[in-house]
Protein chains: 2
Amino acid sequence: MTPEHGGVGEHPTFRTAEAPLVLTSPRSDAPVDRATDAARRVVDALLRTDRANANLERVAEELDSIAAHLEEHAPEVADRLVDMWRGEGVTRHDPVTGPENAVAPPLVLEGLADGTVRGTVTLTLAYQGPPGCVHGGVSALLLDHTLGVANAWAGRAGMTAQLSTRYHRPTPLFEPLVVSGKLISVDGRKIRTVGDITTAAGELCVSVEGLFIDKAVPRPR
Amino acid sequence: MTPEHGGVGEHPTFRTAEAPLVLTSPRSDAPVDRATDAARRVVDALLRTDRANANLERVAEELDSIAAHLEEHAPEVADRLVDMWRGEGVTRHDPVTGPENAVAPPLVLEGLADGTVRGTVTLTLAYQGPPGCVHGGVSALLLDHTLGVANAWAGRAGMTAQLSTRYHRPTPLFEPLVVSGKLISVDGRKIRTVGDITTAAGELCVSVEGLFIDKAVPRPR
C-alpha cells in the first residue's frame, strides 16, 4: 500500500526493515497476473501490428468475448472496491506498479538503505508522447506514484497537494529508465519529496518536487 | 497531431476554424479501433472480475494467442514508427486521446471559440489512485496532454518544459469529469498554458500550469 492508497498500516520503512526491499507488489504466478501480463502484450501488439494484414475484426470479437466472460463473473463495483482495499498490504491494482492493472508497465520499486526508492523500467509504444519518446504526462504519472512509495518507505503517508515536474531532455522509449524518489523533509503535516527519471547512463530526463499533505481517503468498507 | 507529437503542420486554430471543433482523433468503425475498445474492456474487466470464479487461466491463454497473432503481423518497430507519424493529421496512438491505444480512456477534446479546449471523460478502475478516486499522476497525464492540444488550437507547438499540478480535492472515479486547457501567453519561445479538471457540477479537483518551449522532436522517416 502506498500513501496514495489510503494509510500507512504496517508498511516497512528504511529505519525498520532490511534494505534493499521490494516495496511494490511482485508479479506472481497467479492466473490474474498472467492474464494481465497477456493483456499488456495485447495492448502493445495492437499498437504495433499491421492494420491491413492482421485479422483485427476477429481480434475485436475474441476480446469482446473474453471481456464478457470476465464481466459475467464481476461483482458490483462497490463490493469489488471493498475487496480491492482489504487488508493493509501493498495494493495490486494501481496504474503504475499494479501487476493486476494492464495500464501499469508495471514499475517495480525497491527501498534502499538511505531512504531512496528506485526502480528500472523500459517503456514501449503505449506510453509514447513525442516520436520515440515517453509522453511527458506518463513521466509525471510514474514520478507521482514513486514519490508516494518513497513517503511510505520513510514511514509517512499523504495525499499529493502539489507536483512540480521539470523536463530536461526527451525521455527515450525502448531503453531502461531509472525512476527514483526520496522524502527530504517533514514540516507538520507537509511532506516534501523529490524524484527523477534518468537513463541507465545517468542522464537526467525528468525531475520532480512533490508536496504531500498527511491525510488519506478512507478505505471502502 | 498535438504539439507533444512533433509539429504544427496544418492544424486548425481557434482563429482560423469554426468552433466547436473536435481536435482529437474520433473513434471510428475501423477494425483496429473496435479491437482497441475491446482491449480496454478487457483491461477494465480484469480489474473487476472475481479472482476465484472467472476462468483466468483460459483468459491468459486466449490473450497470449491473440497477442501472438498480432505480433506475427507486426513490422519492425522502426518501420511502424515511421508509419505512425506519417502525414500531418492528428495522431491516433497517444496514451490520452488515442483510439488505437487501450491505455487511453480515451479523452475527446473539442476546441472552443475563445481558445479553450475541453473534454468530458469518466474514468474507471484502471485509473485509480486513492480508494474510489483518480490517481494524481493520471490527472497530471490528462492535463499535460490537454495543454498540448490547447497550444495547437492556439497555433503553437512546444515540448513540455515544466508542469505544476495542484490537487484541490480528490478527483472521483465513475462520474463525468471536465478537462480543460487554454494557452494564456507567449513570450519568445516560452508558451504558458493553464488547465484544470472539475466535476460536472464545476467543483475544482486539479489545476495545472505548464511552460512549453517552442521546439519539437523530429518525426521518424
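An account of the accompanying structure is given in this report. Just so you know, these numbers come straight off a predicted model, no measurement behind them.

**A word on helix α2 (residues 56-72) of chain B**
Then step 1. Helix length check: α2(B) (17 residues) gives 24 Å between terminal C-alpha atoms against 24 Å at 1.5 Å per residue, within 8%.
Then step 2. The set of residues buried in α2(B) consists of B:L56, B:V59, B:A60, B:L63, B:I66, B:A67, B:H69 and B:L70.
Then step 3. Considering only its buried residues, α2(B) is in contact with α1 (31-48) and α2 (56-72) of chain A together with α1 (31-48) of chain B.

**So, unusual backbone geometry**
Then step 1. In the segment running from B:A19 into B:P20, the intervening peptide bond is cis, with an omega of -5°.
Then step 2. Within the secondary structure layout, B:P20 lies in the segment before β1 (21-22).
Then step 3. B:P106 follows B:P105 through a cis peptide bond whose omega is -15°.
Then step 4. For B:P106, the position within the fold is in the loop between α3 (77-84) and β2 (110-111).
Then step 5. Phi at A:F174 takes a positive value of approximately 65°, unusual for a residue other than glycine.
Then step 6. Inspection of the secondary structure puts A:F174 in the loop between β4 (159-167) and β5 (176-187).

**Considerations on the pattern of salt bridges**
Then step 1. Evaluated as defined, the whole model comprises 28 salt bridges over all chains.
Then step 2. Notably, a salt bridge pairs A:R40 with A:D37, separated by 2.8 Å at the nearest N-O pair. In this pair, A:R40 and A:D37 are both assigned in helix α1, 3 residues apart and thus about one turn of the helix distant.
Then step 3. Here A:D37 falls in the partly exposed class, since its relative accessible area comes to 28%.
Then step 4. Its salt-bridge partner being A:E100, residue B:R51 comes within 2.8 Å of it at the nearest N-O pair. Of this pair, B:R51 sits in the loop between α1 and α2 while A:E100 sits in the loop between α3 (77-84) and β2 (110-111), which puts the two residues in different chains.
Then step 5. Among the residues examined, B:R51 registers a relative accessible area of 25% and is labelled partly exposed.
Then step 6. Ionic contacts of the salt-bridge type, sharing partners, join the residues A:D33, A:R80, A:D83, A:R86, A:R92, A:E100 and B:R51 into one network.

**Description of the pairing of strand β3 (residues 117-122) of chain B**
Successive residues of a regular strand alternate their side chains across the two faces of the sheet.
Residues and elements named next belong to chain B.
Then step 1. A one-sided burial pattern is seen for β3, the buried positions being V117, G119 and V121 and the unburied ones R118, T120 and T122.
Then step 2. Alignment of β2 against β3, held across 2 bridges, turns out to be antiparallel. Each residue of the ladder has a partner; that of G111, found in β3, is V117.
Then step 3. Between β2 and β3, which pair antiparallel in sequence order, lie 5 residues; one of them, G115, sits at a positive phi of approximately 95°.
Then step 4. Sheet topology note: the β3/strand β5 (residues 176-187) ladder contains 6 bridges and is antiparallel. In the strand pairing of β5, T120 is matched with V178.

**Brief notes about the pairing of strand β6 (residues 190-199) of chain A**
Residue and element names in this part refer to chain A.
Then step 1. Pairing between β5 and β6: 10 bridges, direction antiparallel. Counterpart to L183 in the pairing with β6 is T193.
Then step 2. Hairpin connection between β5 and β6: a loop of 2 residues separates the two successive antiparallel strands, and G188 in this loop has a positive phi of roughly 65°.
Then step 3. Hairpin geometry of β6 and strand β7 (residues 204-213) is characterised by an intervening segment of 4 residues between the two adjacent antiparallel strands and by a positive phi of about 95° at G202.

**What to know about the state of the cysteines**
Residue and element names in this part refer to chain B.
Then step 1. The tally for this structure, following the rule as stated, stands at 0 disulfides over all chains.
Then step 2. Counting only cysteine sulfurs, C205 is the nearest neighbor of C133, a cysteine outside any disulfide, at a range of 9.0 Å.
Then step 3. The class for C133 is buried, based on a relative accessible area of 9%.

**What about the packing of aromatic side chains?**
Residue and element names in this part refer to chain A.
Then step 1. If you walk through the whole model with that rule in mind, you get 2 aromatic pairs over all chains.
Then step 2. Relative to W153, the ring of F14 has its centre 6.5 Å away and its plane inclined at 50°; by these criteria the two rings are tilted. Here W153 lies in helix α4 (residues 136-153) and F14 lies in the segment before β1 (21-22), a separation of 139 residues in the sequence.
Then step 3. For F14, a relative accessible area of 24% gives the class partly exposed.
Then step 4. Owing to a relative accessible area of 0%, W153 belongs among the buried residues under this scheme.

**As for the relation of the copies chain B and chain A**
Then step 1. Under the fitted operation, chain B is carried onto chain A by 0.0 Å of movement along the axis and a turn of 180°, and the coordinates agree to an RMSD of 0.0 Å. The superposition of one copy onto the other is thereby described by a two-fold rotation axis. Among all C-alpha atoms of chain B, that of B:S164 lies closest to the rotation axis, at 2.2 Å.
Then step 2. Of all interface residues in chain B, 100% are interface residues in chain A too; the two copies therefore contact each other through one and the same surface.

**Thoughts on the packing of α1(A) against α1(B)**
Then step 1. For the pair α1(A) and α1(B), interaxial distance at closest approach is 10 Å and the crossing angle is 160°. In this view, α1(A) runs roughly antiparallel relative to α1(B), as classed from their interaxial angle. The two elements α1(A) and α1(B) cross, and the hand of that crossing is left-handed. The residues of α1(B) that touch α1(A), namely those facing A:V32, A:A35, A:T36, A:A39, A:V42, A:V43 and A:L46, are B:V32, B:A35, B:T36, B:A39, B:V42, B:V43 and B:L46.
Then step 2. Class assignment of the residues belonging to the contact of α1(A) with α1(B) gives a composition of 12 nonpolar, 2 polar and no charged.

**Some remarks on the packing of α2(A) against α1(B)**
Then step 1. Here α2(A) crosses α1(B) at 20°, and the two axes come no closer than 8 Å. Classified by the interaxial angle, the pair formed by α2(A) and α1(B) is roughly parallel. Considering the relative orientation of α2(A) and α1(B), their crossing is left-handed. Mapping the contact onto sequence places A:L56, A:E57, A:V59, A:A60, A:L63, A:D64, A:I66, A:A67, A:A68, A:L70 and A:E71 in α2(A) and B:P31, B:V32, B:R34, B:A35, B:A38, B:A39, B:R41, B:V42, B:A45, B:L46 and B:R48 in α1(B).
Then step 2. Along the lines of polarity and charge, the residues of the contact of α2(A) with α1(B) split into 16 nonpolar, no polar and 6 charged.

The rules we used
- Residues numbered from 1 in each chain as written.
- Chains lettered and ligands numbered in written order.
- Predicted model: local features only at pLDDT ≥ 70, side-chain atom pairs only at ≥ 80, totals over all residues.
- Heavy atoms only, no water.
- Helix = DSSP H or I, 4+ residues; strand = E, 2+ residues; numbered from the N terminus.
- Expected span 1.5 Å × (residues − 1).
- Buried < 20%, exposed > 50% of the residue type's maximum accessible area, 1.4 Å probe, protein only.
- Contact = heavy atoms within 4.5 Å.
- Salt bridge = Lys/Arg side-chain N within 4 Å of Asp/Glu carboxyl O.
- Pairing = 2+ DSSP bridges.
- Disulfide = S-S within 2.5 Å.
- Phe/Tyr/Trp six-rings, centres within 6.5 Å; stacked < 30°, edge-to-face > 60°.
- Least-squares fit on C-alpha atoms with pLDDT ≥ 70 in both.
- Axes fitted to C-alpha atoms, helices over the stretch in contact; angles between N-to-C directions.
- Parallel < 35°, antiparallel > 145°, perpendicular 65-115°, else oblique.
- Left-handed = near helix turned anticlockwise from the far one by under 90°.
- Nonpolar A, V, L, I, M, F, W, Y, C, P; charged D, E, K, R; others polar.

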